[in-house]
Amino acid sequence: GIQVEQSPPDLILQEGANSTLRCNFSDSVNNLQWFHQNPWGQLINLFYIPSGTKQNGRLSATTVATERYSLLYISSSQTTDSGVYFCAVEQASGTYKYIFGTGTRLKVLA
Amino acid sequence: DTGVSQNPRHKITKRGQNVTFRCDPISEHNRLYWYRQTLGQGPEFLTYFQNEAQLEKSRLLSDRFSAERPKGSFSTLEIQRTEQGDSAMYLCASSHSGSYMNTEAFFGQGTRLTVV
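The residue count restarts for each chain, going from 1 along the sequence in the order it is written. Both sets of labels track the order of writing: A upward for chains, 1 upward for ligands. Thresholds applied to this predicted model are a pLDDT of at least 70 for local features of residues and 80 or more for the giving and counting of side-chain atom pairs; totals over whole chains, interfaces and linings are not thresholded and use all residues. Each side-chain value is worked out from all heavy atoms of the structure, with water and hydrogens disregarded.

### Examining the overall build of chain B
What counts here: By definition, any uninterrupted DSSP run of H or I lasting at least four residues is a helix, any uninterrupted run of E lasting at least two residues is a strand, and each is numbered from the N terminus. For a compact globule the rule gives 2.2 Å times the number of residues to the power 0.38, and the radius of gyration it is set against comes from C-alpha atoms.
For chain B, the count of helices and strands is zero helices and eleven strands. Secondary structure of chain B in N-to-C order comes out as β-β-β-β-β-β-β-β-β-β-β. Taken against the 2.2 N^0.38 rule, which gives 13 Å for 116 residues, the C-alpha radius of gyration of chain B at 14 Å falls within 12% of a compact globule. When its C-alpha atoms are laid out on the principal axes, chain B stretches across 45 × 25 × 25 Å.

Encoded structure:
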């Protein structure tokens with residue numbers, strides 16, 4: 001099956017710093033999503049981004065489907081950005097499930 | 001619509017007991033998914049439905065697990081003869097389906113199961 005890898009696995013930032021999270025996938029995908037998991041376990045939708053670039057406030061994302069990767073940019077990080085970030089891909093092979101990456105655990109220090 | 005709703009939020013059960021979780025998807029979504037997440041890991045796919053049909057099941061879904069979605073609306077996930085290894089967060093998600101539809105998945109708050 002498709003493999004989804006995220007890097008870095010852990011990231012510690014000072015408040016105000018910028019960061020880039022990466023998601024690599026091993027096969028063609030129909031769709032890709034980025035989620036933020038809060039301390040209570042809720043998965044919050046950040047981006048639905050099968051290709052191209054999107055921005056939402058301090059966050060933006062880019063997916064280059066032909067090269068099988070996606071990037072999530074966090075600018076001017078805040079302590080509330082702390083948590084785990086997951087990418088999830090819907091494989092293009094006819095199965096409609098989303099496969100999650102390994103996650104990036106982000107801690108933003110005040 | 002308030003999003004995907006899961007009940008209960010927490011469940012503590014003794015080993016060997018049966019448990020059942022409920023998921024109410026976003027009303028216009030015809031696709032419904034179940035995932036399991038253990039500490040420090042990403043969510044793992046268990047099964048999904050399109051309307052009332054269960055179209056795929058993971059090998060993680062042993063014979064003790066069964067899921068239903070009668071009438072294509074809410075879904076239930078039952079675990080029989082629970083084991084300590086079943087302790088996890090069980091997540092439900094829903095989405096539209098179709099080649100030209102936005103298939104963005106939305107997740108519920110999860111049911112945290114502890115088997116003692």
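Let us keep going from here.
### Brief notes about the state of the cysteines
The test is simple: The disulfide definition used here is simple: a pair of cysteine sulfur atoms within 2.5 Å. Burial classes follow relative accessibility: with a 1.4 Å probe on protein chains only, a residue under 20% of its type's maximum area counts as buried, one over 50% as exposed, and anything between as partly exposed.
Evaluation of the coordinates by the stated rule reveals two disulfides over all chains. The disulfide that involves Cys23 of chain A links it to Cys87 of chain A, with 2.0 Å between the sulfurs. Taking the sign of the S-S torsion, 70° for the link of Cys23 of chain A and Cys87 of chain A, the bridge is right-handed. Residue Cys23 of chain A is found in strand β3 (residues 19–25), and its partner Cys87 of chain A is found in strand β9 (residues 83–91); the two are separated by 64 residues along the sequence. In terms of burial, Cys23 of chain A and Cys87 of chain A fall into one category: buried. Each disulfide pairs two cysteine sulfurs, and for Cys23 of chain B the partner residue is Cys92 of chain B, the sulfurs being separated by 1.8 Å. Its torsion about the S-S bond being -70°, the disulfide of Cys23 of chain B and Cys92 of chain B is classed as left-handed. Placement of the pair is Cys23 of chain B in strand β3 (residues 19–24) and Cys92 of chain B in strand β9 (residues 88–95), with a sequence separation of 69 residues.

### Here's the deal with the packing of aromatic side chains
Counted only if it meets this: Pairing of aromatic side chains requires ring centres within 6.5 Å, counting the rings of Phe and Tyr and the six-membered ring of Trp. Pairs whose planes differ by under 30 degrees are stacked, by over 60 edge-to-face, and all others tilted.
Going through the model one piece at a time under the given rule, you end up with 13 aromatic pairs over all chains. For the pair Phe35 of chain A and Phe107 of chain B, a centre-to-centre distance of 5.4 Å together with 90° between the ring planes defines the contact as edge-to-face. Within this pair, whereas Phe35 of chain A is found in strand β4 (residues 29–37), its partner Phe107 of chain B is found in strand β10 (residues 106–107), the two belonging to separate chains. When sorted by exposure, Phe35 of chain A lands in the same class as Phe107 of chain B, which is buried. Among the aromatic residues, those joined into a ring-pair cluster are Phe35, Phe86, Tyr96, Tyr98 and Phe100 of chain A together with Tyr33, Tyr35, Phe45, Tyr48 and Phe107 of chain B.

### Considering the side chain of Ser60 of chain A
Residues and elements named next belong to chain A. How we decide: Whether two residues are in contact is decided by their heavy atoms, any of which lying within 4.5 Å being enough.
By the secondary structure assignment, Ser60 is in strand β7 (residues 59–64). Exposure remark for Ser60: the relative accessible area of 15% places this residue in the buried category. Contact partners of Ser60, with chain neighbours within four places excluded, come to Phe47, Lys54, Gln55, Leu71, Leu72 and Tyr73.

### Quick look at the sheet that holds β3 of chain A
Residues and elements named next belong to chain A. For clarity, the cut-off: Whether two strands pair depends on DSSP finding at least two bridges between them. Here, axes are lines fitted to C-alpha atoms. For helices the fit covers the stretch in contact, and angles between N-to-C directions go from 0 to 180 degrees.
Pairing is antiparallel across the open sheet formed by five strands, whose spatial order is β1-β3-β8-β7-β6. Edge positions in the open sheet fall to β1 (4–7) and β6 (52–56), since each of these has one partner strand only. Strand-to-strand, the axes of this sheet are offset by a mean angle of 15°, without reference to chain direction. Relative to strand β8 (residues 69–74), β3 is paired through six bridges, and the arrangement is antiparallel. Directly across from Cys23, in β8, lies its bridge partner Ser70.

Nothing here speaks to function; it is geometry throughout.
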